[in-house]
Amino acid sequence: MAKKKSTAKPATPVKRIYMFEEGNAEMRDLLGGKGAGLAEMSRIGLPVPPGFTITTEVCNEYYRLGRKLPEGLMEEVREKLRILEERTGKRFGDPANPLLVSVRSGAKFSMPGMMDTVLNLGLNDQTTEGLANLTGNPRFAYDSYRRFLQMFGNVVLGIKHERFEEALSGIKTRKGVKLDTELDASDLKEVVEEYKRIIREETGKDFPADPWEQLEMAIRAVFESWNNPRAITYRNLNKIPHDLGTAVNIQTMVFGNMGEDSGTGVAFTRNPATGEKEVYGEYLMNAQGEDVVAGIRTPKPIRDLAQENPQVYRQFLEVCDLLERHYRDVQDLEFTIERGKLWLLQTRTGKRTAQAAVKIAVDMVKEGLITKEEALMRVDPEDLAKLLHPSIDPLHKPKVIAKGLPASPGAASGIAVFDADQAEALGRDGHKVILVRPETNPDDIHGLAAAQGVLTSRGGMTSHAAIVSRGMGKPAVVGAEAISIDLVRREFRVDEIVVREGDLLTIDGSTGEVMLGEAPVIEPQLSGEVMELLSWADEVRRLGVRANADYPRDAKKAREYGAEGIGLCRTEHMFMEPDRLPIVQEMIMAATKEERAAALERLLPIQKEDFKGIFREMEGLPVIIRLLDPPLHEFLPRLEDLLVEVTELRIRGDRPEELERKEKLLRRVRALHEFNPMLGLRGCRLGILYPEIYEMQVRAIFQAATELVKEGVKVIPEVMIPLVGHINELRVIHEQLRAIAEEIIQEAGVELKYMFGTMIEIPRAALTADEIAEIAEFFSFGTNDLTQTVFGFSRDDAEGKFLHAYIQKGILKEDPFQVLDREGVGKLMRMGIELGRKTRPDLEVGICGEHGGDPASIELCHQLGMDYVSCSPYRVPVARLAAAQATLRDRIMVRKDV
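Report on the accompanying structure. In this text the structure is predicted, and so the values were computed from the model without any measurement.

## A closer look at the sheet that holds strand S9 (residues 331–338)
- Here we have five strands laid out as an open sheet, ordered S8-S7-S6-S9-S10, and antiparallel in their pairing. Of all the strands in the sheet, the pair left with one neighbour each is strand S8 (300–301) and strand S10 (341–349).
- Of the strand pairs in this sheet, strand S6 (residues 263–268) and strand S7 (residues 280–285) are connected by six bridges, and their pairing is antiparallel. Along S7, the bridge assignment pairs Phe268 with Tyr280.

Below is the structure:
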C-alpha cells in the first residue's frame, strides 16, 4: 500500500541573527537589553554604528549542545558581516582598509560589567599597519592593537589582566611617563610585542592573527561569560533567572582614541544618585570605553564637554531628551566621538539609587511622562528599604582623612579589607567590613555583596564600583585619589596616616568622606517624594499593613512609617529585659503554684506598663498581643554552661552556697530540657499546664486597656493564643481568659472592643481551620514555624547545612524562609483561610512571620484574600508599595482577560 503523502509544511527555520534595524525595543527576550536598545535607536534614526545581534536562544542552544556553536552559525555571521562591509566600504581582515568590530554581551536584564566585551576585533600586525596608513595616525593604530590584545587575552584566553597592566606600567616607568596617552607609536609597538609575548607564555601558542578565528573565539567567550562566577553571583543577588542566556552584539567599531577630537563617555539622562533632572555622566578624550568604566583614568564630568566641543554637547543633550521621552524612563547611554562626530553605542534603562528611583518616578508623573500607576510599578519595593540608610551624626563626626566622589549614598563602618575573598570570608563570619581597592572589577562582586561599603582610590561616578554599589544599595566612595593603596602590605596611606587591614574605617557615600574609626549614625527620614509615592500606594492597595513591635519605641517608629496597627507583639521579648529576667527565672524555679503566682504578681504591673506604652503609640489602631510562646528553658542559662560552672565549683569546693544554687538551677534546666523544643512544651501547651502565666498576661493587657480608655485613649486589643493545633486546646484557654477579660472590663465600667484569636503555625491548625474558627475571631499565619513544619526543616539546621546547596542545585528556587512557598505552604494557607471563613465569614486574617515584609510573599497574601500583612517597622514602607503593586497587577490581568 502506498504511503500517504505528507501535506505538512516544512518547519520555518528559526532566525538566529538580526541586523540592528530588524529589531525593536520590545524584543529584549530575544535580543537582550543592549541589542534591543541598539535596534530601537537605529529604528528611530539616531547615529548608531551598523551591526547585528546573535539571539539569546543561540546561547541556550550553545549550552544544550554541550558548549558548541550551532551548526551553520558562523556561515550566517559571515553573511551579516558582508552587509557591514557593503555599508562601511571596508573589508573584514583587509590590510588596506580593515573593518574592525566590537563583540559585546547583552542579556535581557542589565548586568553591568558581569559579562564580557572585546573591542577592536580584526586587528593583527598587517591590519594594524593598514589602519595606521589609512588614518595617518600610527599612534592610534597601535594603541587600538594593544587594547585589543589585552582584552582578547583576558576575556577570550583567560589571562589575568594584571599581567598586561604590570607590563604596561613597566614600560611607562622606563619611558618616564605617567599616563597611557603620553606613550608614542614606537612605545606602543613595544607594548604590543610584550603583550604578544605574555600570550605566548601563558597559552603556549601565538596570538591568533586570523580575524575570523578571533571572531569565533570571541563569540564563544561571550556565551561562556553567561555562566562565569561573577555573572552567576550577580543573578543570584538580583533574582535573575539563570536560563535566559545572553545575546552577542557585533558592531562596527568607532574610535574615541584617534586624538584630542575623539573621545568616549557614559551618561545618564538624569542623575542616577539623586534623581535630579540633569544630564549626568563622564567622558575622556582620546580614550576607549573601558578607560571610563574601569577607572583606569579619572574622567571629566559631562558638563565640561560644553567647553571642549559645544556642537557635540548640544547634539548629545538633544539625543538624551529624545531618548528619555521615547522610552519614558531614564536612559544610560554609552557614546563615542570619532573625529568630532557623535555615535551612540548603547541605551538601556538606567540603574539608579533608591532615592533617585523614587524622585524620578514622582517627577515624571508631574511632568506628564507617566501615570501614578506607572510610577508605583517603576519603584522596586526593596528600594524603599535601601532608603532607610543611616547617616553620620554631624555632632560626633570622626576625623576626615580623605575625600572622594560620593558614588552611592549612606554611611557605613567596618574594618578595612583589601581583597574580595577576604571580605566575603569575614562577612560570612559576621564581621562588618569596608572593601578597599584601587578600583573594583566584576570579579570583586562577591566581596562587594559581603561588605558594608566600598572605597576606591580610582574611578568615577560611572565606574564599576559606583554602578554596582548603587544597585546593591551600599555606600560607596570612589576616586579618593589622596589615598595610596599597597595591596601587598594590605594598607593605605594618606599623608602620614597609615590604615592597615583590620583597622576601623567609616565612609559616607553621600558626601564622599573617608574617616578613621567608627562613626555614630542617625536614623534617616523619608523624603517628601517617598511620602507622596506611598500616599499614591495607599490609595490603590487593598491589603492592610501592620507592624511587628514589642516595645513602645518600635510602635512609634512603625506608625511614623505608616503602619495601621500592630500585627505581632511578642511578650517574651519583654521578659528578657534585665530588670525583669530575674523575676521570670524566679517564677520558673518556683516549687509551688503559690510561689509561681507571687513572682507573676510582681511581673503584672511591669507588663501592664509595657502594654500601656504600646497602646498609647497605637491609639485607635488594633494591637495583636501574642501570649507567651517560647519554652521556659529559654529564660534560663544554657545547660552546657551550667555543667561547666557546676563542675568548676565542685573542683574548687570554696563556695558551697553558690554550688547549691547552681545545682538547683541545673536540676531545673535538666527537667525542662527537650530534644526538640520547637515541637515541645511551648505556646498554648504552656498555657494549659501553667494557666497562671496566661492569666497574668491577660490581666495586664485588659487592665492597661481599661485604664487608658478611662483617660480617653481609644484602644483595640486583640489577644493571640499561639501554637493551637486542636480546637480543644483553644476552647480550654479561651474560656478561662475571656472570663478574666470580661471581669476586668465590667469592674472598670467601660466599653472595650476586643478579640481573641490564634496563630496558624502548624499544619493541623490549617487543616481544621473550620473548627478552630468556631472560637477564634482572627487568624494570624505564623509562616516561619508553618514553613518549618510543612517542609520538615529545622530552620537553623537547614540554613546552616543544606538549604544553600538546595538553591544552588535548583532543587528549590528560593529560600522558603525568605519567600513564601506557594505550592506547599501557600496551598495550606489558602485552605485555612477558605475553611475559616466558611465558618466565620467576617474572620480577620493576616500574616505575622518575616514573610510579611517580602514583596513576593505580600503578593501571595493579596491573592489569598488576607486582610493585612505585618512586618518589621522598617519594612512597612516596602509592604505598602508591594501591596499596591499586587493590586495593580490584578488590574493589568483583568484588562488582559477583557
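## A closer look at the pattern of salt bridges
- This model, assessed by the stated rule, comprises 71 salt bridges.
- When the shortest N-O distance is used, the salt bridge between Glu564 and Arg541 registers 2.8 Å. Highlighted residues: Glu564 in the loop between helix H20 (552–560) and strand S25 (566–570) and Arg541 in the loop between helix H19 (528–540) and strand S24 (544–548), separated in sequence by 23 residues.
- The closest approach of N and O atoms between Glu707 and Lys608, which form a salt bridge, is 2.9 Å. With Glu707 in helix H27 (residues 691–710) and Lys608 in helix H23 (residues 593–617), this pair connects stretches of sequence that are 99 residues apart.

## A word on the pairing of strand S28 (residues 755–760)
- Where burial is concerned, most of S28 is hidden: six out of the six residues are buried.
- Taking the sense of rotation as the criterion, the β-α-β connection linking strand S27 (residues 716–721), helix H28 (residues 727–748) and S28 turns out right-handed.
- Bridge count between S28 and strand S29 (residues 778–781): three bridges; the pairing is parallel. Within S29, the residue paired with Thr758 across the bridge is Phe779.

## Some details on the pairing of strand S5 (residues 246–252)
- Of all the seven residues making up S5, seven are buried; the element is thus mostly covered by neighbouring parts of the structure.
- Of the two faces of S5, the one lined by Thr246, Val248, Ile250 and Thr252 and the one lined by Ala247, Asn249 and Gln251 are each fully buried.
- Direction of pairing for strand S2 (residues 51–54) relative to S5: antiparallel, over a ladder of four bridges. Note that in S5 the partner of Gly51 across the bridge is Gln251.
- Both strand S3 (residues 101–107) and S5 contribute to a ladder of seven bridges, which runs antiparallel. Bridged to Val103 within S5 is Ile250.

## Points about helix H5 (residues 138–156)
- Between its first and last C-alpha atoms H5 spans 26 Å; for 19 residues at 1.5 Å apiece the expected length is 27 Å, and the two agree.
- Among the 19 residues of H5, 17 are classified as buried, and the element is accordingly described as predominantly covered.
- Directly after H5, the chain includes Gly158, whose backbone phi takes a positive value near 75°.

## With respect to the packing of aromatic side chains
- Across all of its chains, the model carries 18 aromatic pairs by this definition.
- Pairing Phe164 with Tyr195 gives two aromatic rings, centres 5.0 Å apart and planes at 80°, and the pair type is edge-to-face. Note that Phe164 is positioned in helix H6 (residues 161–175) and Tyr195 in helix H7 (residues 185–203), a separation of 31 residues in sequence. The same class applies to Phe164 as to Tyr195, namely buried.
- Between Tyr754 and Phe756 the ring centres are 5.9 Å apart and the planes differ by 85°, which places this aromatic pair in the edge-to-face class.
- Exposure remark for Tyr754: the relative accessible area of 10% places this residue in the buried category.
- Here the aromatic residues Phe791, Phe793, Phe802 and Tyr806 are joined through ring pairs into a cluster of three or more.
- Lying over the aromatic face of Trp226, Arg235 brings its terminal NZ or CZ to 3.8 Å of the ring centre.

## Some points on the packing of H20 against H23
- Between H20 and H23, the least distance of the axes is 8 Å, while the angle of their chain directions is 10°. It follows that H20 is roughly parallel to H23 by the angle criterion. Contacts between H20 and H23 pair Pro552, Ala555, Lys556 and Arg559 from the former with Asp610, Gly613, Ile614 and Glu617 from the latter.
- By residue class, the composition of the contact of H20 with H23 is three nonpolar, one polar and four charged.

## Some words on the sheet that holds S28
- What the eight strands build is a closed barrel, ordered S24-S25-S26-S27-S28-S29-S30-S31; its pairing is parallel. Each strand of the sheet is rotated relative to its neighbour by a mean of 25°, with strand direction disregarded.
- Direction of pairing for S29 relative to strand S30 (residues 844–847): parallel, over a ladder of four bridges. Opposite Phe781, over in S30, you have Ile847 as the bridge partner.
- Across the face of the sheet, H23 comes into contact with S25, strand S26 (622–626) and S27 while running at roughly 150° to S26.

About the criteria used
- Residues numbered from 1 in each chain as written.
- Predicted model: local features only at pLDDT ≥ 70, side-chain atom pairs only at ≥ 80, totals over all residues.
- Heavy atoms only, no water.
- Pairing = 2+ DSSP bridges.
- Helix = DSSP H or I, 4+ residues; strand = E, 2+ residues; numbered from the N terminus.
- Salt bridge = Lys/Arg side-chain N within 4 Å of Asp/Glu carboxyl O.
- Buried < 20%, exposed > 50% of the residue type's maximum accessible area, 1.4 Å probe, protein only.
- Right-handed = clockwise from strand over helix to strand, strands pointing away.
- Expected span 1.5 Å × (residues − 1).
- Phe/Tyr/Trp six-rings, centres within 6.5 Å; stacked < 30°, edge-to-face > 60°.
- Lys NZ or Arg CZ within 6 Å of the ring centre and 35° of its normal.
- Axes fitted to C-alpha atoms, helices over the stretch in contact; angles between N-to-C directions.
- Parallel < 35°, antiparallel > 145°, perpendicular 65-115°, else oblique.
- Contact = heavy atoms within 4.5 Å.
- Nonpolar A, V, L, I, M, F, W, Y, C, P; charged D, E, K, R; others polar.

Keep in mind these values describe shape, not function.
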